[in-house]
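# Remarks on the overall topology
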Amino acid sequence: MTAGARVGVITFPGTLDDVDAARAVRYAGGEPVGLWHDDADLRGVDAVIVPGGFSYGDYLRAGAIAARSPVMGPVVEAGRSGLPVLGICNGFQILCEAGLLPGALVRNQGLRFVCREVGLRVEAETAWTSSFTVGQEIRVPLKSGEGRYVADAATLDALEGEGRVVFRYTAPAANGALRDIAGVSSADGRVVGLMPHPEHAIDTLTGPSADGLGLFTSVLAAALSTAAG
Amino acid sequence: MTEVHEFHATRVPCPPPGNLDGVARVIVDVLPKAEILDPQGQAVARAMGRLGVTGVADVRQGKHFELEVDDTVGDAELEDIAATLLANPVIEEWVVRRVS
């Protein structure tokens, strides 16, 4: 266990899942640190989680306003320098809008808001997935109206070729995500975004599984190895 | 995109042109790229069919912005505003025009 690793959890106006994200960090043995959208720095955290919700009411585009908020300046800068950053759902949309991750999330095919438990296959080892084995299947909830991952074919080919498709739906994606992509990473594997919600699946009392906890234990290990290195 | 833009120009009531205080009106129209699935536009097209409207082959739904800018804002800056905030270049295309 990596006691002392501090993981920032950002709250924007309209964020919903910051409390569960902080709880997941605590379950994994880390210390959650609340960050506010208006903060100018990251308070020295070892990693950052951009949680789900409807930041700024999804005005303009989902995640578009949040991506330009004050706290995202240091998040983008640190993320490009290797700080582990995880975007969940709206957080994934924000990281794409901020340019930390390629592609975009658009309205679900069929227009339905999808709220169900889904199977994901872990396909890459990253700062957020080292607790899993590549090929492992996990079950976590998906709850989003704009979760259809899109990018041009060249970008998708590059992501596949570079092993940056981190999570893929095990059944055809109900949201129509291209190539059933549920989550992707930066080139260095430190920044990860995914539409489903691992923070809602850390305890079988309150979620469909405890599979999601693996993301949070992974990043604590990554933070420790960075500190030791 | 040009055809769509002209269509909008004839159907959307344009704001009054820039006034005497150096304020210009700028319109930015944003549409999903042709290759991006637009389920909202498709739903609108299907609703037309239910209303008995015929002959509408396709609908694409986008956004229309009206900006008031002073004369310190040049065309390059307007393009930058459109490309970095009003539109997402990954999924959308846009047209910027000044109303004069």
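Residues numbered from 1 in each chain as written. Chains lettered and ligands numbered in written order. Predicted model: local features only at pLDDT ≥ 70, side-chain atom pairs only at ≥ 80, totals over all residues.

If you look chain B up in an unreviewed UniProt entry, it shows as Phosphoribosylformylglycinamidine synthase subunit PurS from Actinomycetospora chlora. The heading Pathway (unreviewed entry) in the UniProt record of chain B holds the text "Purine metabolism; IMP biosynthesis via de novo pathway; 5-amino-1-(5-phospho-D-ribosyl)imidazole from N(2)-formyl-N(1)-(5-phospho-D-ribosyl)glycinamide: step 1/2." The record held by UniProt for chain B lists under Subunit (unreviewed entry) the comment "Part of the FGAM synthase complex composed of 1 PurL, 1 PurQ and 2 PurS subunits." (UniProt positions renumbered as here; feature names shortened; annotations may be inferred.)

Chain A appears in an unreviewed UniProt entry as Phosphoribosylformylglycinamidine synthase subunit PurQ from Actinomycetospora chlora. Among the UniProt annotations of chain A, the heading Pathway (unreviewed entry) holds the following wording: "Purine metabolism; IMP biosynthesis via de novo pathway; 5-amino-1-(5-phospho-D-ribosyl)imidazole from N(2)-formyl-N(1)-(5-phospho-D-ribosyl)glycinamide: step 1/2." Listed in UniProt under the heading Subunit (unreviewed entry), the comment for chain A reads: "Part of the FGAM synthase complex composed of 1 PurL, 1 PurQ and 2 PurS subunits."

## Section: the interface of chain B and chain A
Of the residues lining the interface, 9 residues belong to chain B; the matching set on chain A comes to 12 residues. The leading source of residues in the side of chain B that touches chain A is helix H2 (residues 39-50) of chain B, at 3 residues. Counted by class, the side of chain B that touches chain A contains 7 nonpolar, 2 polar and no charged residues. (Contact = placed C-beta atoms within 7 Å. Helix = DSSP H or I, 4+ residues; strand = E, 2+ residues; numbered from the N terminus. Nonpolar A, V, L, I, M, F, W, Y, C, P; charged D, E, K, R; others polar.)

## Some thoughts on the sheet that holds strand E1 (residues 23-32) of chain B
Residue and element names in this part refer to chain B. Spatial strand order, E2-E1-E3: 3 strands in an open sheet with antiparallel pairing. Edge positions in the open sheet fall to strand E2 (63-70) and strand E3 (92-99), since each of these has one partner strand only. Averaged over all neighbouring strand pairs, the angle between strand axes comes to 20°, with direction disregarded. Pairing analysis gives 8 bridges linking E1 to E3, with the strands arranged antiparallel. Among the inter-strand pairings, Asp29 is bridged to a residue of E3, identified as Val95. Along the sheet, helix H3 (residues 75-86) contacts E1, E2 and E3; its crossing angle with E3, the most-contacted strand, is approximately 145°. (Pairing = 2+ DSSP bridges. Axes fitted to C-alpha atoms, helices over the stretch in contact; angles between N-to-C directions.)

## A word on helix H2 (residues 72-80) of chain A
All names here are of chain A. Within H2 the residues assigned to the buried category are Met72, Val75, Ala78 and Gly79. End-on view of H2: buried residues confined to an arc of 130°, all on one side of the axis. On its buried face, H2 is in contact with strand E3 (47-50), strand E4 (85-88) and strand E11 (191-194). Taken from the residues just after H2, Gly82 is the one with a positive phi, measuring 110°. (Buried ≥ 20, exposed ≤ 12 C-beta atoms within 10 Å, placed from the backbone. Arc of directions from axis to C-beta.)

## A short note on the sheet that holds E3 of chain A
All names here are of chain A. With mixed pairing, the 9 strands of this open sheet are ordered in space as E2-E1-E3-E4-E11-E10-E9-E6-E7. What marks the edges here is a single partner per strand, and that holds for strand E2 (31-36) and strand E7 (137-144). This sheet shows a mean twist of 25° between the axes of neighbouring strands, independent of strand direction. Direction of pairing for strand E6 (residues 114-122) relative to strand E9 (residues 165-169): antiparallel, over a ladder of 3 bridges. Within E9, the residue paired with Leu120 across the bridge is Tyr169. Contacts from helix H1 (residues 18-28) reach strand E1 (6-11), E2, E3 and E4 within the one sheet, and its direction differs from that of E1 by about 175°.

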